[in-house]
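# Survey of secondary and tertiary structure
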Amino acid sequence: MKILTKSRSKIFLLLILLVLLLCQTTFSQQLNGKYTIVIHGGAGSMDPNMEESSKQAYLKSLTAALNIGKEILEKGGKSLDAVEQVVRFLEDDSLFNAGRGAVFTAEGKNELDASIMDGRDLSSGAVAGVTTIKNPISLARMVMEKTQHVLFAGIYADELGKSLGADIVDPSYFFVHDRFNELKRMTRNVKGTVGCVAIDQYGNIAAATSTGGRTGKMPGRVGDSPLINAGTYANNKTCGISATGHGELFIKNTAAYQVSALMEFKGLTLNQAADEVIHQILPKGSGGIIAVDKNYNFEFPFNTSSMMRGVATSDGVFEVKIWK
Ligand code: ASP
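Overview of the structure. (Residues numbered from 1 in each chain as written. Predicted model: local features only at pLDDT ≥ 70, side-chain atom pairs only at ≥ 80, totals over all residues. Heavy atoms only, no water.)

### Observations regarding the environment of N135
Looking at the element boundaries, N135 is found in the loop between β3 (123-130) and α4 (136-146). With sequence-adjacent residues up to four places away left out, N135 is seen in contact with R88, E91, D92 and D167. A distance of 3.3 Å separates a polar atom in the side chain of N135 from a polar atom in the side chain of R88. (Helix = DSSP H or I, 4+ residues; strand = E, 2+ residues; numbered from the N terminus. Contact = heavy atoms within 4.5 Å. Polar contact = N/O pair within 3.5 Å; in protein donor to acceptor, adjacent residues only side chain to side chain.)

Right, dumping it as structure tokens:
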């Protein structure tokens, strides 16, 4: 009897070992060891002769943001988490036109837009014109994961954020002096919308964009950033895109989706499709995009004189840049 129980427990142990082994091989098969992540901090016409300290501050922040995403992807984390965390970081940094540091409307208020998309199944979430949500990108993700809808706007979006447990702040949280001075001078050339696109070790693509819009915009104006297909797009079959620039032009040209469509229906490479949209379809001076495709390639074309941007890949590429 004792012998029987002993051999039974041996068989049981062996079975557990087998299951564990199976789990491990399936898991490691899914993780292919590859990732690519790209970020942007807005397109525009930053003065190449800007103070060295300001330049370094932007590059430092872009580097820190990129490292957050890179670390998540390196550890086998999801692209969706990487893009959300990177954009949250940039939203919290008042150097950029998203979250704290957002530009002002003509009425001197901050109205924030954001969107996120999951390339696995085209799930999307977005918010427009929020005024009390500390991290609009996280509310966009809540819209995607916790509601049946894609886009919420204005006070209803703020209220939804409250009921879903998003971090709420007083609108004065977004007030940053430099941005307010920009409104007074109506300087439109300092752009700092933020975005992130990534493909993880499972081959899943995600894209996220967040902005305060355009300096001096009419109250209630919504740009391309919270619009899936215009400012943000992700599809595992093709690519992921986050755009920055003159939103109205990106909306009219369905810019983000158009890159994917050119790849899917015309067989263009990411390089060709991104180039066509930015340099042939959109007018010069309108902005740029960051993009990754299903094969881990990346592109960041822009038709302005500058676009703050960065890339990190599993092949060891790591760079952040402002001008060409
Ligand atoms: N695309 C944004 C908007 O039009 C602004 C920007 O990217 O600079 O709202």
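### Focus: the side chain of T244
Position of T244 among the secondary structure elements: in strand β8 (residues 239-245). We classify T244 as buried; its relative accessible area is 2%. A polar atom in the side chain of T244 sits 3.1 Å from the backbone nitrogen of A43. (Buried < 20%, exposed > 50% of the residue type's maximum accessible area, 1.4 Å probe, protein only.)

### Side note on the packing of helix α3 (residues 79-92) against α4
Helix packing for two helices is described by the angle between their axes and how far apart those axes are. Packing of α3 against α4 brings their axes to within 8 Å, and their N-to-C directions diverge by 150 degrees. Here α4 runs roughly antiparallel to α3, going by the angle between their axes. From α3, L80, D81, E84, V87, R88 and E91 reach across to α4, where they touch P136, I137, S138, R141, M144 and E145. Its residues assigned to classes, the contact of α3 with α4 shows five nonpolar, one polar and six charged. (Axes fitted to C-alpha atoms, helices over the stretch in contact; angles between N-to-C directions. Parallel < 35°, antiparallel > 145°, perpendicular 65-115°, else oblique. Nonpolar A, V, L, I, M, F, W, Y, C, P; charged D, E, K, R; others polar.)

### Quick notes on helix α5 (residues 154-164)
Turning to α5, its buried residues number three or more, namely A157, D158, L160 and G161. The buried residues of α5 occupy an angular sector of 160 degrees when the element is viewed end-on, so they sit on one face. Seen from the open side of α5, the exposed residues pointing more than 90 degrees away from its buried face are I155, Y156, K162 and S163. Following α5 by one or two positions, G165 adopts a phi angle in the positive range, close to 90 degrees. (Arc of directions from axis to C-beta.)

### Section: the side chain of T211
Topologically, T211 is positioned in strand β6 (residues 205-211). A distance of 2.8 Å separates a polar atom in the side chain of T211 from the backbone nitrogen of G213. Setting aside residues up to four positions removed in sequence, T211 forms contacts with N97, A98, E111, L112, D113, T193 and S225.

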